[in-house]
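These are the residues of each chain, in order.
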Amino acid sequence: MIECLTALAISVSNFSSADSDIEKDVSAFIFEQAMVVARNNDNMRRAAICAANAATALLEKTKISKSDFTRIESNIAFSLDHKTKGTVDWWYSQFAQGLYLQKSGINDAAQLRRAATTMANALEKLVRDLATDQYVLGRAQVCQCEYLAYDLEVTTRDTRLLELHLHELTETVVDLSTLHAAEVVGLLKSNPKALGLDETPKWVTTGSPDQALKTAKSSLRRAHRMLQVAIRSSPGISSLTQTFANMQLMHSGIRLEYSSKSVETFVQSLSKTDVMPGGHQQEFISTMEALIRAQNETSFGLPAPVLKLLARTYLAAVDEAASANVQQFALRQGSLARFLSCWLADAGDWTQAFTLLEASRSLLAPNRRDEEFVSEDWLKLHVTHDPTATYLVGKVGMSYCGTVISELSGRHLARLWYGISASDPGVSILERAGDRSGYNSRLAGLSGEFEVLVDSIDQLSGAARCIALSVGGLHSITPLASMIEVAYPSKYAAIVVTPRTSDLSRDEGVELDRQGPVKASVLSVAGNPTFGLLPFAKLESEIITQSLDASGFDCTYLENCTLSRAMTALHDDSIVHFSGHSFSDDFDPNNSSLIFSDGLLAAATLRSARTQAILITLSSCESGLVSSDRFADEALSIQSALLQAGAKHVIGSSWKLLDLPSCILFVKFYELLLDHEWIDTSVIYRCLVGAQGYVRDLTREAIQQKYDSFPLPLSIVRLPAESRPFEHFWAWGGLQLSSSAL
C-alpha cells in the first residue's frame, strides 16, 4: 500500500501540465497519506521518508501559501525526529529544512547563511544518491540562499547608513523645491512610502501637482527615496556608495563580502549535464541573480558550454512564461537576459548573444513575426551593457558581428548620467538621483563621452546603408540615433529605433495619393491646467493643419481633443499628429500616457488599439522614453505601444521637449514631407533630420521674422540677431524615428 501511494505521488509530481502547483499539492497530499499508513503500521522510517517527500513537493511550488509552510515545517520536524543522524534519509531532510528556511521569507542574513551551509553539506553527502538534474537543482538552491543572505546584508548596510547619517544625507540631497511639481507626482506614484506616506494619495493623479510638492517637501525621508532610485538605476550601481558606506560603517560589524564558492560548485555541476532541471524556471531566475552577483563582486567567469546551457534554459523560460504569467516573468527576470547576453558577447558568441537579446526584448508584446526580414543594407544592432562594459551585438544579412567597449562600463555610464566624478565617494549621487529636469542639458555636455560608442557603431555597419537600433539598460535613455547622425551627417539613409529587430518587415513605401484623398488628423491639447499651457503647440497644430489641407489631404483639426476622438483618428487616419503633454511613468511604463482634454491615454490602451497609420508624430515630452528601471529592457513607451498597435512609423521624444523649438521643428518636418509624392522609412527619416538641422541653424533674427505676430519669450528676444538659440543638441536631438518596416 505504501509503495503504491509513493509511486503514485512521484508520478503525479513528475507529470507535466499547465499548472504544476496543483500537481505538487496532489503529490504532497498522497505522500502525507502514505506517511499516515506507514505510522499506523509502525514503519517510522518509511513514514519519515514520506514526510520529507511531502515537504519537498510543497517547497517546489511556485506559490507557497502560509498553510503550506505550516505543513512543510511539521513534515520536516517529523522526518528529522524519526531518522538516524548521518544516514542518507537524514541528510535529505537536512537539505529540505534549509530550503524551507530559504523560502519561508526569513529576514535574517546569518540564519540564511547557516541554511546555505547546511544545504551544501547535505548535497556533498547525497552526491552519489541524487540524479544529475536533482544535484544541479540543489546547487542552484544553495546559490540562491547565499545570494539572499548577501542581499539582506546590503539592504541592512544602506538602511543603517541612513539611520546614522540621515541629517547629513538630507543636507546633501537636492531640495525638492527645485523639482517640477509634476516630477514630484512621479515620485509619489512610484514609491509613496519612501516619502513618508502609507499609500499613493488619491489626489496625486487627479489633484494639483503643487499639492503633491507641498506634501513631499514636508517629508524628511526624501533622502531614502533618492538613495533607492540611485541603487535601482543599474545593477552594480550600489558600488558607487560602497566606499562611503564602508567608511561610515567601519565599526558597525556588518560584513560585505560575497563568496563565489557556491556559484563555482554550481557551475562545476552544470558542466556535467546538458539540460537544466525542467519545471524550475523560478529557481533558474534566482540562480542567475546569484551568478550575476558573483560576476559583479568577484569577476567570476563562466565556461562557454555553461553559458550556452544557461542561454537555452532562459529561452525555454521565455516560452514557458509566454503561456503563463508573462508580466510576472518580465518583472522578475529584470536584467538577467542582458547580463547573460553580455557574457556570451564577451566570449565572442555573437550569434547566441543576438538570439538571446531578441527573445528577451518586449516580452509584454509577444506578437512576433513568423519570418524575419533579412537585408544586407541594414545593420540590426542591439546596444546593451553590464557593469564592466558596453556591448554592441549586430546582424547584417545572415552574418553576426559585435564589439566590446570597456570604456563605457555600466558603472561609468551611471556616473555620466548622475554627473559624478570617478573620485566621488558616493554622496553626491544622492543629490542628482531621480532628477530629470536637467537631463537634456546634461546630455549636451556628455556628447563627447559617447564618441567611442558612435564610432564603434559606424565601424560595425560596414557597407550597410541603414541602422535599426534596439537599445537596453542605461543606453535606453540615450538618443543614440541623433548622435550617430550628428557624427556622420547624411551617411545613412535611415536610422530607426525599434523594440526588437526581428519584428521589422520590408518597407514597400506608400504613395501619397492627394486625389484620394489621404485622411489625416491633427490632435491638439495646448491648454492643460494641471500640466501647464503650451502656446506654441496650438500654433504648431494650426500651421500643420493648413499645410495638410493645402496639399490636398482630408485633414481634421481636433482642438482640445478628447480621448474618444483621438482613438477614432488613430483607427481611421493615415497620418496623425499630436501636440500636447505626455509623460513616461517611472514605476510602470504601461501607465505612460498622452494627455487629452478629458483624461489620459495610457500605453497599455494604445497597445491594444488598432491603427493602420502610415505615420504618427508625437510633439510631446518623453513619448519615446522608458524611464522605469524595473522594465529598462522591455522597451515599453508610448512610441513603441503605437508600433505594436500597427503604426508603420512613429516619431517620439526620449526626453522633455521645449515648446518653441518643437513647434518650429514639426512645422518644418511636414513642410519637407509634403514635398514628396512617395514616402517610406528613408524619406521620413531624412525629413526629420532636415527639420532638426533647420532648427539647429536657425538664428534669432530668422525666428522673429517667421513668428513676428506671435509673442516670443524674452529669453529669445534679448539674444543677438545672429545667435542660434537652439543650436545645442538638447533642443532637438531627443526626437527619434521608430519603425515597423525597413
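Residues numbered from 1 in each chain as written. Predicted model: local features only at pLDDT ≥ 70, side-chain atom pairs only at ≥ 80, totals over all residues. Heavy atoms only, no water.

1. Concerning the overall build of the chain
To be explicit about the condition: Secondary structure counts use DSSP, requiring at least four H or I residues in a row for a helix and at least two E residues in a row for a strand, with both numbered from the N terminus. Between buried and exposed lies partly exposed: a residue is buried under 20% and exposed over 50% of the maximum accessible area for its type, with that area taken using a 1.4 Å probe on protein chains only. Contacts were defined at the residue level, with two residues in contact if any of their heavy atoms lie within 4.5 Å. Accessible areas in this description were obtained via Shrake-Rupley with a 1.4 Å probe; residue shielding takes into account the shown protein chains only.
Of the regular secondary structure elements, the chain holds 31 helices and 18 strands. Scored against the burial criterion, the 742 residues of the chain give a buried share of 58%. By sequence separation, contacts in the chain at least 24 residues apart represent 76% of the contacts at least 6 residues apart. Surface accessibility of the chain: about 30,400 Å² in total, with carbon and sulfur atoms responsible for 50%.

2. With respect to the sheet that holds strand β12 (residues 581-583)
Filter applied, for reference: Strands are labelled as partners when DSSP assigns at least two bridges between them. To obtain each axis, a line is fitted to C-alpha atoms, and for helices this fit is confined to the stretch in contact; angles are then taken between N-to-C directions over 0 to 180 degrees.
Taking strand neighbours across the sheet as the criterion, the three strands line up as β12-β13-β14 in an open arrangement whose pairing is antiparallel. Across the chains shown, the open sheet's two edge strands, defined by having one partner strand only, are β12 and β14 (599-602). Between one strand axis and the next, the sheet turns through 25° on average, direction left out of account. Here four bridges tie strand β13 (residues 593-596) to β14, and the two strands are oriented antiparallel to one another. Residue Ile-595 lies in a different strand from β14, and its bridge partner there is Leu-600. Along the sheet, helix α25 (residues 563-572) makes contact with β13 and β14, crossing β14 at roughly 30°.

3. Here's the deal with the pattern of salt bridges
Going by this rule: We define a salt bridge as a contact between a side-chain nitrogen of Lys or Arg and a carboxyl oxygen of Asp or Glu at a distance within 4 Å.
Scanning the entire structure with this criterion turns up 13 salt bridges. A salt bridge links Asp-697 to Arg-724; its shortest N-O distance comes to 3.0 Å. Here Asp-697 is found in helix α29 (residues 681-697), whereas its partner Arg-724 is found in the loop between α31 (714-717) and β18 (735-739), with 27 residues between them in sequence. Residue classification places Asp-697 among the partly exposed positions, given a relative accessible area of 39%. Members of the salt-bridge network, linked through shared partners, are Arg-696, Asp-697, Arg-724 and Glu-727.

4. Description of the pairing of strand β11 (residues 575-579)
Here β11 lies mainly inside the structure; five of its five residues are buried. A two-sided burial pattern is seen for β11, the buried positions comprising Ile-575, His-577 and Ser-579 on one face and Val-576 and Phe-578 on the other. Relative to β11, strand β7 (residues 519-524) is paired through five bridges, and the arrangement is parallel. Considered in β11, the bridge of Leu-523 is made with Phe-578.

5. With respect to unusual backbone geometry
Even without being a glycine, Ser-490 presents a positive backbone phi close to 65°. Relative to the helices and strands, Ser-490 resides in the loop between α23 (480-487) and β5 (494-497). One non-glycine residue, Glu-622, lies in the positive phi region at around 60°. Tracing the backbone shows Glu-622 in the loop between β15 (615-619) and α27 (638-645).

6. Remarks on helix α18 (residues 350-360)
Within α18, nine of the eleven residues are buried, which leaves it mostly tucked inside the rest of the structure. Turning to α18, its buried residues number three or more, namely Trp-350, Gln-352, Ala-353, Phe-354, Leu-356, Leu-357, Glu-358, Ala-359 and Ser-360.

7. Quick look at empty space enclosed by the protein
Short version of the rule: A 1.4 Å probe that fits into a set of points on a 1 Å grid over the protein atoms alone but cannot get out defines a cavity; an open set with protein on both sides within 12 Å along at least five of seven lines defines a pocket, and lining residues are those with an atom within 4 Å of a point. Grid points are joined across faces, edges and corners, and a volume is the space filled by probe spheres set on the points.
Here the structure, examined in full by the defined rule, presents six cavities of 30 Å³ or more. A volume near 260 Å³ is recorded for the second largest cavity. Taken together, 22 residues form the lining of the second largest cavity, with Ser-476, Val-497, Gly-624, Val-626 and Ser-637 sitting closest to its centre. Where the lining of the second largest cavity is concerned, the elements lending two or more residues are α27, β16 (649-653) and β18.

8. A closer look at the confidence of the model for the chain
Stated formally: Confidence of the predictor at the level of single residues is given by pLDDT, which spans 0 to 100.
Scored by pLDDT, the chain comes out at a mean of 74, with 68% of its residues at no less than 70. This model gives residues 15-19 a pLDDT under 50, and the stretch forms three contacts once residues within four places in sequence are excluded.

9. Some words on the packing of aromatic side chains
Under the convention used in this document: Note on aromatic pairs: the rings of Phe, Tyr and Trp (six-membered ring only in Trp) are paired at centre separations within 6.5 Å, and the planes decide the class, stacked below 30 degrees, edge-to-face beyond 60, tilted for the rest. Cation placement over rings: the criterion is NZ of Lys or CZ of Arg within 6 Å of the ring centroid and within 35° of the ring normal.
Scanning all chains against the criterion turns up five aromatic pairs. With centroids separated by 5.1 Å and ring planes inclined at 55°, the aromatic side chains of Phe-578 and Phe-596 adopt a geometry described as tilted. With Phe-578 in strand β11 and Phe-596 in strand β13, the pair connects residues that are 18 residues apart, well separated along the chain. Grouping residues by exposure puts Phe-578 and Phe-596 together as buried. Considering the side-chain rings of Phe-729 and Trp-732, the 5.2 Å spacing of their centres and the 70° angle between planes classify their relative orientation as edge-to-face. Given the relative accessible area of 12%, Phe-729 is considered buried. Here the basic side chain of Lys-491 rests over the ring of Tyr-488, its NZ or CZ set 5.3 Å away from the ring centre.

10. Considerations on the pairing of strand β3 (residues 399-405)
As defined by bridge partners, strand β2 (residues 389-396) adjoins β3 across seven bridges and the pair is classed as antiparallel. Note that in β3 the partner of Leu-392 across the bridge is Thr-403. Hairpin remark: β2 followed by β3, antiparallel, with two residues in the connecting loop; positive phi at Gly-397, about 65°.

11. Describing α27
Among the eight residues in α27, seven count as buried, and that is most of the element. Listing the buried residues of α27 in full gives Ile-638, Gln-639, Ser-640, Ala-641, Leu-642, Leu-643 and Ala-645. Phi turns positive, to about 125°, at Gly-646, one or two residues after α27.

12. Here's the deal with the nonpolar core
The cut-off we apply is this: Throughout this description, the term nonpolar core refers to a set of buried Ala, Val, Leu, Ile, Met, Phe, Trp, Tyr and Cys residues connected via side-chain atoms within 4.5 Å.
Core analysis: the largest hydrophobic core is formed by 81 residues, its most contacted members being Leu-469 and Phe-669. In terms of residues, this core owes the most to one element, helix α28 (residues 659-673), which gives nine residues. Sequence-distant contacts of Leu-469, defined by excluding residues within four places in its chain, comprise Leu-381, Val-383, Leu-480, Ala-481, Ile-484, Ile-495, Val-496, Val-497 and Thr-498.

13. Here's the deal with the side chain of Ser-593
Within the secondary structure layout, Ser-593 lies in strand β13. Overall, the relative accessible area of 1% leaves Ser-593 in the buried class. Setting aside anything within four residues of it in sequence, one finds Ser-593 in contact with Ser-582, Phe-583, Leu-600, Leu-601, Ala-602 and Ile-638.

14. Some details on the packing of helix α5 (residues 88-103) against helix α6 (residues 109-126)
Short version of the rule: Roughly parallel covers angles under 35 degrees, roughly antiparallel covers those over 145, roughly perpendicular covers 65 to 115, and oblique covers all other angles. In a left-handed crossing the near helix is turned counterclockwise from the far helix by less than a right angle, and in a right-handed crossing that turn is clockwise. Charged means Asp, Glu, Lys or Arg here, nonpolar means Ala, Val, Leu, Ile, Met, Phe, Trp, Tyr, Cys or Pro, and polar covers whatever is left, Gly included.
Close contact between α5 and α6 brings their axes to 8 Å; oriented N to C, the two are set at 150°. One way to sum up the angle between α5 and α6 is to call them roughly antiparallel. α6 is crossed by α5, and the crossing has left-handed handedness. On the side of α5, the interface is formed by Val-88, Trp-91, Tyr-92, Gln-94, Phe-95, Gly-98, Leu-99, Leu-101 and Gln-102, while α6 contributes Gln-111, Leu-112, Ala-115, Thr-118, Met-119, Asn-121, Ala-122, Leu-123, Lys-125 and Leu-126. Grouping the amino acids of the contact of α5 with α6 by side-chain chemistry returns twelve nonpolar, six polar and one charged.

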